[in-house]
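# Analysis of the macromolecular model
Here is what each chain is made of, one letter per residue.
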Amino acid sequence: MTHLRYLTAGESHGRQLTAILEGCPAGLAVSRARIDRELARRQHGYGRGDRQSIESDRVDIVGGVRYGQTTGAPVALVVANRDASNWGDVLSVDQPLDAARAEPVLIPRPGHADLGGALLYERNDIRDVIERASARETAARVACGVVARLLLEALGCVVASHVVSIGDVRSDAALTLEAVADVERDPCRCGDSAAGARMRAAIDAAREAGDTLGGVIEVIAFGYPPGVGTYVQGDLRLSARLAAAVMSVPAMKGVEIGLGFAAAGLPGSQVQDPLGYEDGRGYVRAGNRSGGVEGGISTGAPIVVRAAMKPIATLANPLASVELGTHEPVASRYERADVCAVPAAGIVLEAVVALALADAALERFGGATVADVIGAVEAYRARTRLR
Ligand SMILES: Cc1cc2nc3c(=O)[nH]c(=O)nc-3n(C[C@H](O)[C@H](O)[C@H](O)COP(=O)(O)O)c2cc1C
């Protein structure tokens, strides 16, 4: 990230998550209510664990916004962990008395960051790893993502998502702007309510079996301006930035843009989008099999990104593990967890995609104020329509 960058800090059961987002132009209307709405969307979704009922996330904006608008200063956001009060001294910053010291966590969960983190940071207590590797951190990114979404909305771009599959249950519903309300109503965030019901049944069966499920989520950015990104350096390709954003979310194991993996098995005539020209509209493409990016540059068609999420690593019916230190074989540890977080992950993916798209748009059309950015996009759209 170059123009709109963010950092988050804080532990899963610590006092709070903290985020700083730098590079947002001045004059963007931002409200706590809008951020809270997105935080609530992340907490819902079928298959989540009990923590989501203990907490109801709320943001505090502690910098960069005055009288409801960004000032150009870094936007600083805080999301309190309401559950922290139940954790006593477990995450104490100061040395606790020996009697108050928490039992160390010594059994790594296969597929989680537990073992890798304990070896990387040479920690004798996996608690030090879990607390930061936990997807709780994504709440801070969802909060930052709202600022990016609002900036994109000022440019006429809306970012939405839906669940395409959970386990082996697939939906063939297409995501359109009109379908967004139906997706939001479905507990699995699936546009096809019959498939959504089958997804819920699959999650219930996995819960019953002490198992977990993953799935595929599609994120679409409607109305993103053309001409963003470039082919001149690999890391500046819009497709590379989108893929990095998706893969930055825990548990994401695959990413596709447009036809994605399906393109590899089709002849070129069924993959490329034929070109045309229409008076008033300028150059047009007959379809959007590219997913809105060609040559690393946005085409002006919807940006279509899909992510494959693996099943949750924490299993109620645990896999084999080994105790740190003693190296004894043991059953893995269970700690309160989601059975399926695919519906919730869609909101996180919307946030990181929005952040990547807003960053790239600011690189191309950036200015000190939102009006500068809107003006630059409109001028570019008008120029390219005529050429
Ligand atoms: C929204 C969301 C919720 C998650 N909830 C859990 C959970 O409750 N338990 C768990 O073990 N992993 C959960 N994960 C996945 C882990 O964070 C992830 O698997 C872990 O950090 C290891 O990283 P990796 O899977 O990318 O290798 C969740 C991920 C997301 C995006």
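Each remark here, short or long, concerns the structure printed above.
Residues numbered from 1 in each chain as written. Predicted model: local features only at pLDDT ≥ 70, side-chain atom pairs only at ≥ 80, totals over all residues.

## Digging into the overall build of the chain
Put simply, the rule reads: Per the convention used, a helix needs a DSSP run of H or I reaching at least four residues, while a strand needs a run of E reaching at least two, with both numbered from the N terminus. C-alpha atoms define the radius of gyration in this analysis, and the globule rule sets the expected value at 2.2 Å times the number of residues to the power 0.38. Here a residue counts as buried when 20 or more other C-beta atoms fall within 10 Å of its C-beta, as exposed when 12 or fewer do, and as partly exposed in between; the C-beta atoms come from the backbone.
Looking only at helices and strands, the chain has ten helices and 17 strands in total. Over its C-alpha atoms the chain spans a radius of gyration of 22 Å, differing by no more than 12% from the 21 Å that the globule rule assigns to 387 residues. In terms of principal-axis extent, the alpha carbons of the chain reach across some 75 × 50 × 40 Å. Looking at the 387 residues of the chain, the share that counts as buried comes to 42%.

## Topic: helix α5 (residues 138–154)
Put simply, the rule reads: Here a helix's expected span is defined as the number of its residues, less one, multiplied by 1.5 Å.
Given a rise of 1.5 Å per residue, 17 residues ought to cover 24 Å, and the 24 Å separating the end C-alpha atoms of α5 matches this to within 8%. The element α5 is largely enclosed, with a buried count of 15 among its 17 residues. Gly 156 sits one or two residues past α5 and shows a positive phi near 90 degrees.

## Quick notes on the environment of Arg 185
As for its placement among the helices and strands, Arg 185 is situated in helix α6 (residues 180–185). Its 11 C-beta neighbours within 10 Å are what place Arg 185 among the exposed residues.

## Here's the deal with the nonpolar core
Selection rule: Among buried residues, those of type Ala, Val, Leu, Ile, Met, Phe, Trp, Tyr and Cys that are joined through C-beta atoms within 7 Å form a set called a nonpolar core. For the purpose of contact definition, each residue receives a C-beta atom placed from its backbone, and two residues are in contact when these atoms lie within 7 Å.
Counting residues in each nonpolar core, the largest one holds 90 residues, and the members touching the most others are Ala 143, Cys 144, Val 353, Leu 355 and Leu 357. Per-element accounting of this core gives the leading share, 18 residues, to helix α9 (residues 342–365). Beyond its immediate chain neighbours, meaning those up to four positions away, Ala 143 contacts Ala 19, Ile 35, Leu 39, Val 59, Leu 77 and Val 79.

## Some points on the site of the ligand
Stated formally: Each residue gets a C-beta atom placed from its backbone. Should that atom fall within 6 Å of a molecule or strand, the residue is termed near it. Three categories are distinguished: nonpolar for Ala, Val, Leu, Ile, Met, Phe, Trp, Tyr, Cys and Pro, charged for Asp, Glu, Lys and Arg, and polar for the others, with Gly belonging to the last.
Close to the ligand lie 20 residues, the nearest being Ala 135, Pro 250, Thr 314, Ala 337 and Ala 341. Among the elements that make up the shell around the ligand, the one with the highest residue count is α9 (three residues). Classifying every residue of the shell around the ligand by side-chain character gives 13 nonpolar, five polar and two charged.

## Remarks on the pairing of strand β15 (residues 303–309)
Stated precisely, the cut-off is as follows: At least two bridges found by DSSP between two strands is the condition for calling them paired.
Here β15 lies mainly inside the structure; seven of its seven residues are buried. Covered by surrounding structure in β15 are Ile 303, Val 305, Ala 307 and Met 309 together with Val 304, Arg 306 and Ala 308, the residues of both alternating faces. When strand β9 (residues 215–222) meets β15, the two strands line up antiparallel, connected through seven bridges. Counterpart to Ile 220 in the pairing with β15 is Val 304. As judged from the five bridges shared by strand β10 (residues 252–257) and β15, these two strands associate in the antiparallel manner. Residue pairing for β15: Gly 254 is matched across the bridge by Ala 308.

## Considering the environment of Ala 84
With respect to the helices, strands and loops of the structure, Ala 84 is situated in the loop between β6 (75–80) and α3 (114–120). Sequence separation between Ala 84 and His 13 is 71 residues, and the spatial gap between their C-alpha atoms is 5.0 Å. If we skip the residues at most four places from it in the chain, Ala 84 touches His 13, Gly 14 and Arg 15.

## So, unusual backbone geometry
Phi angles above zero are rare outside glycine, and Tyr 67 is one such case at about 50 degrees. Mapping Tyr 67 onto the fold places it in the loop between β4 (65–66) and β5 (69–70). Note on Tyr 67: 6 C-beta atoms within 10 Å, which makes it exposed. The residue His 327 is not glycine, and still its phi comes out positive at about 65 degrees. With respect to the element layout, His 327 can be found in the loop between β16 (320–322) and β17 (329–331).

## With respect to the pairing of strand β2 (residues 16–22)
Here β2 shows a clear split, with Leu 17, Ala 19 and Leu 21 buried on one side and none of Gln 16, Thr 18, Ile 20 and Glu 22 buried on the other. As defined by bridge partners, strand β1 (residues 5–9) adjoins β2 across five bridges and the pair is classed as antiparallel. When the sheet's bridge partners are listed, Ala 9 is paired in β2 with Thr 18. Following β1, the chain reverses through six residues before pairing antiparallel with β2; Gly 10 in that reversal takes a positive phi of roughly 120 degrees.

## As for the sheet that holds β15
Quick note on the threshold: The convention used is that axes are lines fitted to C-alpha atoms, helices contributing only their stretch in contact, and that angles between N-to-C directions extend from 0 to 180 degrees.
Read across the open sheet, the five strands follow the order β8-β7-β9-β15-β10; overall the sheet is antiparallel. Two strands lie at the open edges of the sheet, namely β8 (169–170) and β10, each paired on one side alone. On the sheet, α9 packs against β7 (158–166), β9 and β15 and is oriented at approximately 145 degrees with respect to β7.

## Remarks on the packing of helix α1 (residues 32–43) against α5
As a reminder, the rule being used: For classification, angles of less than 35 degrees are called roughly parallel, those exceeding 145 degrees roughly antiparallel, those between 65 and 115 degrees roughly perpendicular, and all remaining angles oblique. Throughout, a crossing is termed right-handed when the near helix is turned clockwise from the far one, and left-handed when it is turned anticlockwise from it by less than a right angle.
Running from N to C, α1 and α5 cross one another at 140 degrees; their axes reach a closest spacing of 9 Å. Taken together, the axis directions place α1 and α5 in an arrangement best described as oblique. Here α1 runs over α5; the crossing is right-handed. In this structure, α1 contributes Arg 34, Ile 35, Glu 38, Leu 39 and Arg 42 to the contact, and α5 contributes Thr 138, Ala 139, Val 142, Ala 143, Gly 145 and Val 146. Residues of the contact of α1 with α5, tallied by class, amount to six nonpolar, two polar and three charged.

## What to know about the sheet that holds β1
Strand order in the open sheet made by the four strands is β1-β2-β6-β3, with antiparallel pairing throughout. Two strands bound the open sheet, and with one partner strand each, they are β1 and β3 (59–63). The mean inter-strand angle of the sheet, taken between neighbouring strand axes irrespective of direction, is 20 degrees. Judged from the four bridges that link them, β3 and β6 form a sheet pairing that is antiparallel. What sits directly across from Val 59, in β6, is Val 79.

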